[in-house]
Number of protein chains: 2
Amino acid sequence: MALIVKKFGGSSMATVQRIGLVADRVAQSTSQGDQVVVVVSAMQGETDRLLKLASQVCTMPRDREIDVLLATGEQVAIALLALALREKGIEARSFLGHQVKILTDNVHGSARIVTIDAAPVHECLQRGEVVVVAGFQGVDQDGNITTLGRGGSDLSAVAMAAAVGADACEIYSDVDGIYTTDPGIYSKARKIDKISCEEMLELASLGAKVLQARSVEFALKHKVAICCKSTFSEGSGSWVLPVISGLEGEAMAGLEGAVVTGVACDRNTARLSVLRIPNRPGTAAALFRPLAEDAINVDVIIQTAPQDGHCELSFTVPKASAERSVQLLLAHQERLGFAEVRVADNVAKVSIVGAGMRSQPGVALQAFEALGQAGIDIQLISTSEIKISVVVDDRLAEAAVRVLHDSFQLDRV
Amino acid sequence: MALIVKKFGGSSMATVQRIGLVADRVAQSTSQGDQVVVVVSAMQGETDRLLKLASQVCTMPRDREIDVLLATGEQVAIALLALALREKGIEARSFLGHQVKILTDNVHGSARIVTIDAAPVHECLQRGEVVVVAGFQGVDQDGNITTLGRGGSDLSAVAMAAAVGADACEIYSDVDGIYTTDPGIYSKARKIDKISCEEMLELASLGAKVLQARSVEFALKHKVAICCKSTFSEGSGSWVLPVISGLEGEAMAGLEGAVVTGVACDRNTARLSVLRIPNRPGTAAALFRPLAEDAINVDVIIQTAPQDGHCELSFTVPKASAERSVQLLLAHQERLGFAEVRVADNVAKVSIVGAGMRSQPGVALQAFEALGQAGIDIQLISTSEIKISVVVDDRLAEAAVRVLHDSFQLDRV
């Protein structure tokens, strides 16, 4: 008998028929004697419908009342799932964020979880009931409803798993696991059996959409084992594991022993180049401060060696922020003294991720050689301990993914 | 400066445009310096939409989870109205049933209000905020969401008015007040300025749809003055007043001095006649017990004087219960010993209501004479202190309403 937290997202809860399938999934588990806590998101499309209503009555500040509004989506979902479970003869009880209770800070729209009171959950489980918890929502210390931000139900599930001491946190979606790369880009993509949280974090922030990044951080910190599975098919899924004692060696080398675990591709990227910047101490900081103050996420920064007392800076920003970034830089052009800003939005960022890189030199070289032999020009490079990112022409991005996937033989275990 | 509770029903909240109109109504009041608590229902159609979803996943017991589901309707409504008010520069704060808090018993689907904690409401009002409260919902002592039954938002509003000590409880709908009879039946129907709670109770239970009966009972008991107004037009509305000291005399005679205050017509009625019942003590009780156990609402009961040791009983039931009533009676025919049951579902119940009847004999006679002169045959009669009901052929019901309206000169103040 295990204690399992199961999280079902909006696509799994899209219709009453699918809610019936989710109930079947839960029934499978309880019939094996498992204790089950289910965390659910709103039915697909519901959050957008509610936001549209709000946009029709106001200019939508991200405030308390928007959270009151959006929290109804998950409330409908838990009630329907609890009813569907009872219809199958499974005793079930729904819990809202304030009933569990999931205490958060008071930052409406992106609240952080402070504590979860596991006592009412354990009480229900001991009575043999399935506990159905509303994801995405919490309550602040004054009793106001808060929400955790988009994708927040993953975080609700992982935090719930930590609070109740679950054996595993299963995250169900319409894909059956985490792949070495997007199967839509390369048919040789292979489902990964085990990946470390650290690697998953790099993949999640690079555009892999299976798991919300904050939930993986939380799992890493609180040692929660996550398993990503499909609602609609059988299969063992992919485990996302924190580094736990006894696994240290494996984690250092990548959980499957490979040097590189996956290849990610982020096409939502633009490259900015700032030309002929006077090379003074503090120049880079002065340049990036206006962007940081506007909450623009700057990535892959390259500064050339100075020449004639001037240097050149290139970096990437999300495509949607490119125009705004140029405006902000030009507004400070006089003070900063640079000659020109150029934008290229026909670029993509391709990254290889692997915990094994730490202990294995020469990974970067192998990647650059593979891309070079395939005639793919590298515009920018950025590396971390377990990741190497290159910025390439957007039209060559998919080819770059395939070349790297082949070079590191990711189709083989 | 007054403290006003304003309740807006589903038709007033049907669209985002109408929610804007409701916000305008509230703004009118605050600009005059009033403190305002708003109680709202779900947007029109929302409760039915949610019930339909539930019916697709389960055979719908009236349980805890249905209340969790339905409570979202009002939650969406309070959030949207609070946002619309803030958009107009009016500080507003929404409250759910558990936040106010509206403590109820634990009878899901038709909970009764036990107490309301007025402290958080007064705190908000003192900060100059408009308080927006979700109607229809409450919370039991274990923190479970409960609902008050259909039309329960009227009760929420009246109970809130009592709890905060409001000067008045304004109930807004798409009609501008309470009429001497349905204007759709008789164009001479006149809007009533003042009516007592007792009279309103008789009218509400007789098919006038402006106010939920339980809310009027609550207003009578807790001395809340209700004013029924239109969301969509100006006008002073109709006051529904508890009998308060200083008004005793007026109340005895009807608040407007008239003997009869209104005429109601209930076409949702069927007449049952049970023929040749052996006349033994306890016969009537034995006959009605099976109906009562099936929660069938029996009204207007007439028993004939015994003849040959037998009598005849006629009574009315709601049309939808007629067939079931016959089945139940026939199931006990042997034991009860009656000869036959006959049903007539082409009947209607027409009633005149007026607190002034108490002190004025001859009202019944005047009513019967007026109907007789108009050639309208009376099938059954039932009277109470402030009400006279007659059962007539359904095709003559509207004529009966007009005849009685004319006879008691209800078109004049």
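About the cut-offs
- Residues numbered from 1 in each chain as written.
- Chains lettered and ligands numbered in written order.
- Predicted model: local features only at pLDDT ≥ 70, side-chain atom pairs only at ≥ 80, totals over all residues.
- Helix = DSSP H or I, 4+ residues; strand = E, 2+ residues; numbered from the N terminus.
- Rg over C-alpha atoms; globule rule 2.2 N^0.38 Å.
- Contact = placed C-beta atoms within 7 Å.
- Pairing = 2+ DSSP bridges.
- Axes fitted to C-alpha atoms, helices over the stretch in contact; angles between N-to-C directions.
- Parallel < 35°, antiparallel > 145°, perpendicular 65-115°, else oblique.
- Left-handed = near helix turned anticlockwise from the far one by under 90°.
- Nonpolar A, V, L, I, M, F, W, Y, C, P; charged D, E, K, R; others polar.
- Buried ≥ 20, exposed ≤ 12 C-beta atoms within 10 Å, placed from the backbone.
- Right-handed = clockwise from strand over helix to strand, strands pointing away.
- Least-squares fit on C-alpha atoms with pLDDT ≥ 70 in both.

(A) Just the overall build of chain A, in detail. When you go through chain A residue by residue, the secondary structure sums to 14 helices and 18 strands. Scaling as 2.2 N^0.38, a compact globule of 413 residues should have a C-alpha radius of gyration of about 22 Å, and chain A matches this with 23 Å. In chain A, once contacts between residues fewer than 6 apart in sequence are set aside, the share between residues at least 24 apart is 74%.

(B) Local environment of the sheet that holds strand β13 (residues 262–278) of chain A. Residues and elements named next belong to chain A. Pairing is antiparallel across the open sheet formed by 6 strands, whose spatial order is β14-β15-β13-β16-β18-β17. Bordering the open sheet on either side are β14 (299–303) and β17 (380–384), each of which pairs with just one other strand. Averaged over all adjacent pairs, the angle separating strand axes in this sheet is 25°, with direction ignored. Bridging between β13 and strand β15 (residues 310–318) involves 8 bridges; their strand directions are antiparallel. Paired with V274 across the strands is L313, a residue of β15.

(C) Quick peek at the packing of helix α1 (residues 16–31) of chain A against helix α3 (residues 64–87) of chain A. Residues and elements named next belong to chain A. Viewed as axis vectors pointing N to C, α1 and α3 meet at an angle of 60°, and their least axial separation amounts to 9 Å. By the angle between their axes, α1 is oblique relative to α3. At the point where α1 passes α3, the crossing takes the right-handed sense. Here α1 contributes I19, G20, V22, A23 and V26 to the contact with α3, which in turn contributes L80, L81, A84 and L85. Considered class by class, the residues forming the contact of α1 with α3 number 8 nonpolar, 1 polar and no charged.

(D) Main features of the sheet that holds strand β2 (residues 35–40) of chain B. Residues and elements named next belong to chain B. Read from one edge of the open sheet, 8 strands run β3-β6-β2-β1-β9-β11-β12-β10, paired in mixed fashion. Whereas interior strands pair on both sides, the edge strands pair on one side only; in this sheet they are β3 (92–95) and β10 (194–196). Adjacent strand axes in the sheet meet at a mean angle of 25° when their direction is disregarded. One ladder, built from 5 bridges, connects strand β9 (residues 168–173) with strand β11 (residues 226–230); its direction is parallel. Its bridge partner being in β11, S173 is matched across the sheet by S230. Strand contacts of helix α3 (residues 64–87): β2, β3 and β6 (130–134), with the helix running at about 165° to β6, the strand carrying the most contacts. Its contacts with the sheet place helix α6 (residues 152–164) against β1 (3–8), β2, β6, β9 and β11, and it is angled at close to 170° to β1.

(E) Representation of the pairing of β1(B) in the model. Residue and element names in this part refer to chain B. For β1, the buried fraction is high: 5 of the 6 residues fall into the buried class. Running through helix α1 (residues 16–31), the crossover from β1 to the neighbouring parallel element β2 is right-handed. In terms of strand pairing, β1 meets β9 through 5 bridges, oriented parallel. Directly across from F8, in β9, lies its bridge partner Y172.

(F) Molecular detail of the environment of V300(A). Residue and element names in this part refer to chain A. Within the element layout of this structure, V300 appears in strand β14. For V300, a count of 21 C-beta atoms within 10 Å corresponds to the buried category. The spacing of V300 and T316 is 16 residues in sequence and 5.8 Å in space, taken between C-alpha atoms. If we ignore the near neighbours within four places in the chain, the residues touching V300 are F315, T316, K349, L380, S382, S389 and V391.

(G) Layout of the environment of H222(B). Following the sequence through the fold, H222(B) ends up in helix α8 (residues 213–222). Once the C-alpha coordinates of H222(B) and A161(B) are considered, the two residues, 61 residues apart in sequence, prove to be 9.4 Å apart.

(H) Local environment of the relation of the copies chain B and chain A. With an axial shift of 0.1 Å and an RMSD of 0.2 Å, the rotation relating chain B to chain A amounts to 180°. Between the two chains, the operation in question is that of a two-fold axis. Relative to the rotation axis, the C-alpha of T72(B) is the closest in chain B, positioned 2.6 Å from it. A shared interface surface links the copies, since 100% of the contact residues of chain B are contact residues in chain A too.

As far as function goes, none of this settles anything; it's purely spatial.
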